[in-house]
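Coordinate inspection notes
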Amino acid sequence: MTEATIESVLQENRSFPPPAEFSQQAHIKSLEEYEQLYDRAKADPEAFWAELAEQELDWFQKWDRVLDWQPPFAQWFVNGKLNISYNCLDRHLTTWRRNKAALIWEGEPGDSCTYTYAQLHREVCQFANVLKQLGVQKGDVVGIYMPMIPEAAVAMLACARIGAPHTVVFGGFSAEALRDRLNDGKAKLVITADGGWRKDTIVPLKEQVDKALAEKAVPTVAHVLVVERTKQGVHMEAGRDHWWHDLRQGVSADCPAEPMDSEDMLFILYTSGSTGKPKGVVHTTGGYNLYTHMTTKWVFDLRDTDVYWCTADVGWITGHSYIVYGPLSNGATSLMYEGAPRPSNPGCFWDVIEKYGVNIFYTAPTAIRAFIKAGEHLPKARDLSSLRLLGTVGEPINPEAWMWYHRVIGGGRCPIVDTWWQTETGGHMLTPLPGAIPTKPGSATRPFPGILADVVDLEGNSVGTNEGGYLAIRYPWPGMMRTVYGDDDRFRRTYWEHIPPKDGQYFYFAGDGARKDADGYYWVMGRVDDVINVAGHRLGTMEIESALVSHPAVAEAAVVGKPDDLKGNEIVAFITLDGNVTPSEALKAELRQHVGNEIGAIARPGEIRFSDALPKTRSGKIMRRLLRSLAAGQEVSGDTSTLEDRSVLDKLREGV
Ligand code: WT7
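Just so it is clear, the structure is predicted and the values come from calculations on it, not from any experiment.

**A few points about the pairing of strand S2 (residues 73-78)**
As paired strands, strand S1 (residues 65-70) and S2 are joined by five bridges and run antiparallel to one another. Its bridge partner being in S2, leucine 67 is matched across the sheet by tryptophan 76. What sits between the antiparallel neighbours S1 and S2 is a turn of two residues.

Right, dumping it as structure tokens:
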């Protein structure tokens, strides 16, 4: 193994075949069927995607060429014309799905509503006409800063309908973060609400918009469209701010979908780089529509009778691809929930599953670890027997959390799809197809058909079985990002130059470490920026953390390296304990020993620190960069604006 790769130390041998009755009814029914699809797609990716594009989507005009690849710039379905809002709405209206539930919405205070496809179509058309009246034209960027209410999806679909790219900014972001993103995107208009409910309190969204726009700090924004939700009373600036319920009065619900070029920009979504300003990830229309459509259909194995629930926020790519576009393009019933598990009702997710008979449930490892901590008596008190499929996304899931999810939430009968992907990839890349691919706890299993993944060293050579290396994609796919908004050069540097092209082949660099086992299963080991080098061994954080979390006293763990004269680095573990465990020196020794037993002496943390909470981003990822500074006794520097709770950092600094 070369210096530049990563060593893999964790062994996990459990495997779960798809239940026979699940496979029988699945879209993809067996491993053989998956492998045939995969091989066919690999032999001729263009033919594979073209066939699906023809079968699964409606086009106003067919493309001339399937793929134009001028590395690193790809165009899919060149000169094809379509509209994703049409594919998500209009085309269902001429079928029996016309009066099927498209969106089921549950608000945090307990209010709820349902939109059929016909109703949603009307709302979207009216909304689109209001945007036009406010001067929004094809090509104008629209900012969306909304709570998780149906109007957030309506706003996205309305923008798509008239060809105005949206940029959704997560409602938890501050006024400054909002301002920077609106400026970068040169947004013409902002759609927001007075506020939204989250964890029993009102998030004052309109107030943040006012701060972001104060003193014309975003000169391009002419109007703000405000949806009424929380009714706490907000400032409305004359001429600039408008209530949606006022402007919609008397507005026509007839608004034909604009024919868009396949490569017209659908949206910009900002994702934080490890350093520097956020990157505006650009996705376009045709390829993204097809890719989210196909992954939703096969990975969630959708059936028309399903109630499907993805717990993400529309402010993240998961909300774009798997609450709105993928499910609606398939004519599915997508459930949207406003809030988050909250002190007044920590079991509220299980209430929602019972109330609506949810069949498919898609959430994040950070949420699963919080469920474990809250206790299994909560889900046990509800009827979860409607569930037939579970999913996870966002981080590597440690095998113990996977097992808990499988046993307690899935009742041992539901396959789990552990989906590895990124804002940049648009949709699932490594994932089980649940009727076909046996699962292994902690592995995202195998590539989606049409995805040519690999684990390589920095020269682009495939590494051996079970050797760690860099996760890379060797061929374009329809859902891939097209560029960084306004910065082609950053796009090239960030994703295409870490591994230089080899024999004319380009490598998309995902920034994650991984290994492939003897069955061709991928095990993602975390961000390569987080790799710890101990005495010449390069260890991924995921495996050491998994070993720690497999100890019954540990709820959550994050490990980082601290510079050490002798070993290069010493491992420092930050740990939150299970609710009823008391911290002690003896426990620290026991945990060190536990990692020694699970992995080996090399991975034993030199130092353990207990803490009530770990610093996380608003999407629930642990910010190891901050922990690295703390472990080294340095001031925390760099961008901390994506931190969910700043007080966590102060507590850690005080050495709790
Ligand atoms: C990064 C992308 C994709 C939607 C949500 C996050 C990590 C994501 C998994 C998984 C291991 C995962 C990776 C990836 N990640 N899913 N199933 N197993 N790691 O989107 O914010 O763009 O983050 O999340 O490190 O690179 P994102």
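Now that the structure has been shown, the text picks up again.
**Concerning the nonpolar core**
Core analysis: the largest hydrophobic core is formed by 124 residues, its most contacted members being Trp49, Leu120, Leu131, Ile191 and Tyr325. In terms of residue count, helix H6 (residues 150-162) provides more of this core than any other element does, ten residues in total. A domain-level breakdown of this core finds at least three residues from each of domain 1 (20-83 + 282-303 + 359-527) and domain 2 (85-100 + 115-281). Residues Val358, Ala401, Cys414 and Ile416 belong to the second largest nonpolar core, which totals 30 residues.

**So, helix H3 (residues 45-56)**
One turn of an α-helix holds 3.6 residues; hence residues three or four places apart share an orientation. Along its twelve residues, H3 runs 16 Å from first to last C-alpha, staying within 8% of the 16 Å computed at 1.5 Å per residue. Within the sequence span of H3, burial applies to Pro45, Phe48, Trp49, Ala50, Leu52, Ala53 and Glu56. Considering only its buried residues, H3 is in contact with helix H2 (31-43), S1, S2, helix H4 (84-93) and helix H10 (286-299).

**Things to note about the sheet that holds strand S30 (residues 607-610)**
Strands belonging to one sheet form pairs held by backbone hydrogen bonds; the direction of such a pair is parallel or antiparallel. The strand order across the open sheet formed by three strands is S28-S29-S30, and the pairing between neighbours is mixed. Only two strands of the sheet have a single neighbouring strand rather than two, namely strand S28 (554-564) and S30. Neighbour-to-neighbour, the strand axes of the sheet open up by a mean angle of 25°, direction not taken into account. Where strand S29 (residues 568-577) meets S30, four bridges bridge the pair, whose relative direction is parallel. Opposite isoleucine 575, over in S30, you have phenylalanine 610 as the bridge partner.

**Some thoughts on the environment of glycine 80**
Assignment of secondary structure puts glycine 80 in the loop between S2 and strand S3 (81-82). A relative accessible area of 0% places glycine 80 in the buried class. A C-alpha to C-alpha distance of 7.7 Å links glycine 80 and phenylalanine 60, two positions 20 residues apart in sequence. If near-sequence neighbours (up to four positions away) are discounted, glycine 80 is found in contact with Trp59, Gln61, Lys62, Trp63, Met260, Asp261 and Ser262.

**With respect to the domain arrangement of the protein**
It is common to give the size of an interface as the accessible area lost on bringing the parts into contact. By the assigned domains, the protein splits into domain 1 (20-83 + 282-303 + 359-527), domain 2 (85-100 + 115-281) and domain 3 (552-655). Centre-to-centre, using C-alpha coordinates, domain 2 lies 39 Å away from domain 3. Residue-level contacts link six residues of domain 2 with four residues of domain 3. Where domain 2 touches domain 3, the interface holds zero salt bridges. The tally of links between domain 2 and domain 3 comes to one residue pair in polar contact (both at pLDDT 80 or more). Broken down by class, the residue content of the side of domain 2 that touches domain 3 amounts to two nonpolar, three polar and one charged.

**Notes on the sheet that holds strand S5 (residues 112-116)**
Taken in spatial order, the seven strands make up an open sheet running S5-S4-S17-S16-S18-S19-S20, and their pairing is mixed. Since the sheet does not close on itself, it has two edges, and those belong to S5 and strand S20 (416-418), each with one partner. Adjacent strand axes in the sheet meet at a mean angle of 20°, parallel and antiparallel pairs treated alike. Relative to strand S17 (residues 333-337), strand S16 (residues 307-310) is paired through three bridges, and the arrangement is parallel. By the bridge assignment for S17, valine 307 is matched with threonine 333. Packed on one face of the sheet, helix H13 (residues 365-374) meets strand S18 (360-363) and strand S19 (389-392) and runs near 100° to S18.

**Some details on the site of the ligand**
Taken together, 17 residues sit near the ligand, with Asp418, Thr419, Gln422, Thr423 and Asp512 positioned nearest. Note that an oxygen atom of the ligand is positioned 2.8 Å from one of the side-chain N or O atoms of glutamine 422. Secondary-structure elements contributing two or more residues to the shell around the ligand are helix H11 (317-329) and strand S25 (522-527).

**Focus: the side chain of aspartate 210**
Secondary-structure assignment places aspartate 210 in helix H8 (residues 205-213). Excluding its chain neighbours within four sequence positions, the residues that come into contact with aspartate 210 are His235, Arg240 and Asp241.

**Overview of the packing of aromatic side chains**
Enumeration according to the criterion identifies 39 aromatic pairs in this entry. Geometrically, the ring pair formed by tyrosine 322 and tyrosine 362 is edge-to-face, given 6.2 Å between the ring centres and 80° between the ring planes. Pair noted here: tyrosine 322 is in helix H11 and tyrosine 362 is in strand S18, with a separation of 40 residues, a long-range link. Across this residue pair, the class does not change: tyrosine 322 and tyrosine 362 are buried. With centroids separated by 5.5 Å and ring planes inclined at 80°, the aromatic side chains of tryptophan 477 and tyrosine 508 adopt a geometry described as edge-to-face. Of this pair, tryptophan 477 sits in the loop between strand S22 (468-473) and strand S23 (483-484) while tyrosine 508 sits in strand S24 (residues 508-516), and the two are 31 residues apart along the sequence. Aromatic rings pair up to connect Trp69, Phe73, Trp477, Phe491, Tyr495, Trp496, Tyr506 and Tyr508 into one cluster. The ring of phenylalanine 173 has arginine 181 lying over it, and the distance from NZ or CZ to the ring centre is 4.5 Å. Against the face of tyrosine 521 rests lysine 440, its NZ or CZ located 4.4 Å from the ring centre.

**Some points on the packing of H2 against H3**
Contact geometry for H2 and H3: axes closest at 5 Å, N-to-C directions at 115°. If you check the angle between H2 and H3, you find them roughly perpendicular. Note on element contacts: H3 touches H2 through Pro45, Phe48 and Glu51, opposite Leu37, Arg40, Ala41, Lys42 and Ala43. Looking at the contact of H2 with H3, its residues break down into five nonpolar, no polar and three charged.

**What about the environment of valine 130?**
Residue placement: valine 130 occurs in helix H5 (residues 117-133). By relative accessible area, which is 0% here, valine 130 ends up buried. Taking the C-alpha atoms as reference points, valine 130 and glutamate 207, 77 residues apart in sequence, are found 23 Å from one another. When neighbours within four sequence positions are excluded, valine 130 is seen to be in contact with Leu225, Trp244, Leu247, Arg248 and Val251.

Here is what the cut-offs are and how they apply
Residues numbered from 1 in each chain as written. Predicted model: local features only at pLDDT ≥ 70, side-chain atom pairs only at ≥ 80, totals over all residues. Heavy atoms only, no water. Pairing = 2+ DSSP bridges. Helix = DSSP H or I, 4+ residues; strand = E, 2+ residues; numbered from the N terminus. Core = buried A, V, L, I, M, F, W, Y, C linked by side-chain atoms within 4.5 Å. Buried < 20%, exposed > 50% of the residue type's maximum accessible area, 1.4 Å probe, protein only. Domains from an automatic or database assignment. Expected span 1.5 Å × (residues − 1). Contact = heavy atoms within 4.5 Å. Axes fitted to C-alpha atoms, helices over the stretch in contact; angles between N-to-C directions. Salt bridge = Lys/Arg side-chain N within 4 Å of Asp/Glu carboxyl O. Polar contact = N/O pair within 3.5 Å; in protein donor to acceptor, adjacent residues only side chain to side chain. Nonpolar A, V, L, I, M, F, W, Y, C, P; charged D, E, K, R; others polar. Near = heavy atom within 4 Å. Phe/Tyr/Trp six-rings, centres within 6.5 Å; stacked < 30°, edge-to-face > 60°. Lys NZ or Arg CZ within 6 Å of the ring centre and 35° of its normal. Parallel < 35°, antiparallel > 145°, perpendicular 65-115°, else oblique.

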